[in-house]
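So you can see what is in the structure, the chains are spelled out below.
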Amino acid sequence: MKKKSASLFFPDAAAVKLMIMEKLTLVYGLRLIGEAEIAAVEHGQVLTENGQTRQVTLHTIAGTREQIRRQLLESIDAFFELQD
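Notes on the structure follow. (Residues numbered from 1 in each chain as written. Predicted model: local features only at pLDDT ≥ 70, side-chain atom pairs only at ≥ 80, totals over all residues. Heavy atoms only, no water.)

## With respect to the overall build of the protein chain
For clarity, the threshold we go by: Counting from the N terminus, the helices are DSSP H or I runs at least four residues long and the strands are E runs at least two residues long. Three exposure classes are used, based on accessible area relative to the maximum for each residue type with a 1.4 Å probe and protein chains only: buried under 20%, partly exposed in between, and exposed over 50%. In what follows, a contact means two residues having at least one pair of non-hydrogen atoms within 4.5 Å. Areas reported here follow the Shrake-Rupley algorithm with a probe of radius 1.4 Å; residue values treat only the protein chains shown as occluding.
Helix and strand content of the protein chain: 2 helices and 2 strands. Start at the N end of the protein chain and walk to the C end: the helices and strands fall as α-β-β-α. Counting across all 84 residues of the protein chain, residues that qualify as buried make up 4%. A separation threshold of at least 6 residues defines the contact pool for the protein chain, and within that pool the share at least 24 residues apart is 22%. If you sum the accessible surface of the protein chain, you get close to 8800 Å²; carbon and sulfur atoms cover 56% of it.

Given below as structure tokens:
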């Protein structure tokens, strides 16, 4: 079977990885609050130097201190796996 040539519009994974290898900033915030105290969690925003607004996804994790810690570490690992 003849191998198709790569499209300029769909670069291979190595090329994509090179394109995204730039310095990044992870924006995050953590605060433990009693579960019954939370009325709403609203959207977070970051204002960039060029005046654009970027959305920051906010997550909540409920449970004991140890359950929250375990889930947070799993979530962080999953986040970085998605970036690879």
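## Here we look at the pairing of strand β1 (residues 44-47)
Filter applied, for reference: Two strands make a pair as long as DSSP finds a minimum of two bridges between them.
Bridge count for β1 against strand β2 (residues 53-56) is 4 bridges, and the pairing is antiparallel. Counterpart to G44 in the pairing with β2 is V56.

## Quick word on the packing of aromatic side chains
This is how it is decided: Stacked, tilted and edge-to-face pairs are distinguished by plane angle, under 30 degrees for stacked and over 60 for edge-to-face with tilted covering the rest, among Phe, Tyr and Trp rings (Trp via its six-membered ring) whose centres lie within 6.5 Å.
Counted by the stated rule, this structure contains 1 aromatic pair. Ring geometry for F79 and F80: centres 5.1 Å apart, planes at 90 degrees, overall edge-to-face.

## So, a nonpolar patch on the surface
Filter applied, for reference: Exposure above 30% relative accessible area and no salt bridge define the residues that can form patches, which grow by joining like charges within 9 Å and nonpolar side chains of Val, Leu, Ile, Met, Phe, Trp and Tyr within 5 Å. Just to be clear on terms, a salt bridge is a Lys or Arg side-chain nitrogen sitting within 4 Å of an Asp or Glu carboxyl oxygen.
Taken together, the side chains of I33, I38, V41 and L58 present a nonpolar region at the surface, about 330 Å² in accessible area. Checked against the element boundaries, L58 lands in the loop between β2 and α2 (65-83).

## Looking at the environment of Y28
For Y28, the location among the structural elements is in the loop between α1 (13-20) and β1. A C-alpha to C-alpha distance of 9.6 Å links Y28 and G44, two positions 16 residues apart in sequence.

## Details of the layout of surface pockets
For clarity, the threshold we go by: Put plainly, a pocket is an open set of points on a 1 Å grid over the protein atoms alone with protein on both sides within 12 Å along at least five of seven lines, a cavity is a set where a 1.4 Å probe fits but cannot get out, and a lining residue has an atom within 4 Å of a point. Grid points are joined across faces, edges and corners, and a volume is the space filled by probe spheres set on the points. Any residue that is not Ala, Val, Leu, Ile, Met, Phe, Trp, Tyr, Cys, Pro, Asp, Glu, Lys or Arg is counted as polar, Gly included; the first ten are nonpolar and the last four charged.
Reported here for the second largest pocket is a volume of approximately 180 Å³. Forming the walls of the second largest pocket are V27, V46, L47, T48, E49, R54, Q55 and V56. Ranked by residue count, the leading element in the lining of the second largest pocket is β2, at 3 residues. Along the lines of polarity and charge, the residues of the lining of the second largest pocket split into 4 nonpolar, 2 polar and 2 charged.

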